[in-house]
Amino acid sequence: MRIGVFDSGLGGLVITKSFIETLPEYDYVYYGDTANLPYGEKSSAQILSYTIDAVKFLISQKCGLIIIACNTATSIALRYIQQRFIPEFAPDIKVLGVVIPTVETALLSGAKKVGVVATGATIRSHIYKQELLKINPDLEVKEVATPEFVQAIEKDDFCRAEQLVKSYAPNFTDVDSLILGCTHYPLLKNYFRQELPDVEVVSQDEFMGAKLANYLDRHIEIDITLSRERSYRFLVSKWNEHYQNVANKLFPDIPIEETKKNG
Ligand code: DGL
């Protein structure tokens, strides 16, 4: 069985790079639903339906462990998928998200005030706030939706992205940690660190690989089912040259392929 990684687009490749760098021996199938991007501005019903389709697709690709790298999809769909979909339709498959490992990492340094930037849908779900407060009910949490970042990054417009970071940064000068709660935002981490030098900027590309390794260490029963041929496949629901160029920046040797999936 392979490890499946799902994102609404190509932002999740940043997380996949962290997985592959930490655990290169496993086989990975990445699926980016570029045809339906951006998820962050869609309704919860749409996000749930796209995410179920994506999980079904990765199961059809022989993935036994699926990581929903998309924060928006994790926020809206993970609980339903883990509690309803998987037990009924694929009880042998494990599906994980990115929110819990991120929250755990953000609190490692003893933060008392935590900021979160994410898509509109993730912020509306308040999942980060809920999970942070579960661990420490005395925390102060400041959540801000930053929907323009994804558009700027998708267009490769990093001048605009830098301006946007400058305009949002003043919201977070008083927090101890700032969670970048979207797969695209690790690409902006240096701008955030420049604007907020006293804040610990929590960027998912820097710890998700170690979190997955730790999970597999603790779940030997899953680890032994995973194949190890160093095969990496990157699939998208809609291909274009721009997407290929974005992917090549992270993985110069791996082509992305368009896939036709049926529901
Ligand atoms: N990948 C999504 C996330 O991590 C953001 C991009 C989108 O809006 O689709 O939240």
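Going by the structure above, here's the rest.
On a predicted model such as this, the values are computed, not experimentally measured, just so you know.

Comments concerning the site of the ligand
Argument step 1. Inspection of the region around the ligand gives 14 residues, with Asp 7, Ser 8, Tyr 39, Thr 72 and Thr 183 positioned closest.
Argument step 2. In the model, an oxygen atom of the ligand is placed 2.8 Å from a nitrogen or oxygen of the Gly 40 main chain.
Argument step 3. In the model, an oxygen atom of the ligand is placed 2.9 Å from a nitrogen or oxygen of the Asn 71 main chain.
Argument step 4. Here the ligand has 300 Å² of accessible area as a free molecule, and 99% of this is covered by the chains.
Argument step 5. A per-class count over the shell around the ligand returns six nonpolar, seven polar and one charged.

Quick notes on the pattern of salt bridges
Argument step 1. On inspection of all chains with the given rule, the structure shows 14 salt bridges.
Argument step 2. Put simply, Asp 156 and Lys 249 hold a salt bridge, and the shortest N to O gap is 3.2 Å. On the criterion of sequence distance, the pair formed by Asp 156 in the loop between helix H7 (148-154) and helix H8 (158-168) and Lys 249 in helix H12 (residues 241-250) is long-range, its members being 93 residues apart.
Argument step 3. One salt-bridge network, in which partners are shared between bridges, spans Lys 113, Glu 140, Lys 142 and Asp 174.

Observations regarding the pairing of strand E3 (residues 63-68)
Argument step 1. Along E3, six of the six residues are buried, which leaves the element largely enclosed by surrounding structure.
Argument step 2. Relative to E3, strand E1 (residues 2-7) runs parallel, the two sharing five bridges. For Val 5, the partnering residue across the bridge sits in E3 and is Ile 67.
Argument step 3. In this structure, E3 lies alongside strand E4 (residues 94-96), joined through three bridges in parallel fashion.

A look at the sheet that holds strand E5 (residues 113-118)
Argument step 1. Taking strand neighbours across the sheet as the criterion, the four strands line up as E6-E5-E7-E8 in an open arrangement whose pairing is parallel. Each edge of the sheet is formed by a strand with only one pairing partner; in this case those strands are strand E6 (140-145) and strand E8 (200-203). Adjacent strand axes in the sheet meet at a mean angle of 20°, parallel and antiparallel pairs treated alike.
Argument step 2. In terms of strand pairing, E5 meets E6 through six bridges, oriented parallel. Within E6, the position partnered with Val 114 by the bridge is Val 141.
Argument step 3. Where helix H4 (residues 99-106) meets the sheet, its contacts fall on strand E7 (177-180) and E8, and the angle it forms with E8 comes to roughly 160°.
Argument step 4. With respect to the sheet, helix H6 (residues 127-135) is in contact with E5, E6 and E7, its orientation differing from that of E6 by roughly 165°.

Focus on H4
Argument step 1. Of all eight residues that make up H4, six are buried, and the element is covered over most of its length.
Argument step 2. Residues of H4 that are buried include every one of Val 99, Pro 101, Thr 102, Val 103, Thr 105 and Ala 106, and no others.
Argument step 3. Residues of H4 that are buried sit in contact with helix H3 (71-89), H6, E7, E8 and helix H10 (208-218).

A short note on the nonpolar core
Argument step 1. Judged by nonpolar contacts, the single largest core of 49 residues is most densely connected at Leu 65, Leu 132 and Leu 216.
Argument step 2. In contact with Leu 132, not counting residues within four places along its chain, are Val 103, Leu 107, Val 114, Val 116, Leu 139, Val 141 and Ile 179.
Argument step 3. Counting residues in hydrophobic clusters, the runner-up holds 26 residues, among them Ile 66, Leu 78, Phe 85 and Ala 121.

Comments concerning the sheet that holds E1
Argument step 1. The strand order across the open sheet built from six strands is E4-E3-E1-E2-E9-E10, with neighbouring strands paired in parallel fashion. One side of each edge strand has no neighbouring strand; the edge strands of this open sheet are E4 and strand E10 (256-258). Strand-to-strand twist across the sheet, computed as the mean angle between neighbouring axes with direction ignored, equals 25°.
Argument step 2. Helix-sheet contacts for helix H2 (residues 44-60) involve E1, strand E2 (28-32), E3, E4 and strand E9 (232-236), and the interaxial angle to E3 is about 150°.
Argument step 3. Packed on one face of the sheet, H10 meets E1, E3 and E4 and runs near 140° to E3.

Reading the values: rules and limits
- Residues numbered from 1 in each chain as written.
- Predicted model: local features only at pLDDT ≥ 70, side-chain atom pairs only at ≥ 80, totals over all residues.
- Heavy atoms only, no water.
- Near = heavy atom within 4 Å.
- Polar contact = N/O pair within 3.5 Å; in protein donor to acceptor, adjacent residues only side chain to side chain.
- Areas by Shrake-Rupley, 256 points an atom, 1.4 Å probe, with all protein chains shown as cover.
- Nonpolar A, V, L, I, M, F, W, Y, C, P; charged D, E, K, R; others polar.
- Salt bridge = Lys/Arg side-chain N within 4 Å of Asp/Glu carboxyl O.
- Helix = DSSP H or I, 4+ residues; strand = E, 2+ residues; numbered from the N terminus.
- Buried < 20%, exposed > 50% of the residue type's maximum accessible area, 1.4 Å probe, protein only.
- Pairing = 2+ DSSP bridges.
- Axes fitted to C-alpha atoms, helices over the stretch in contact; angles between N-to-C directions.
- Contact = heavy atoms within 4.5 Å.
- Core = buried A, V, L, I, M, F, W, Y, C linked by side-chain atoms within 4.5 Å.

Taken by themselves, the reported measurements are silent on function.
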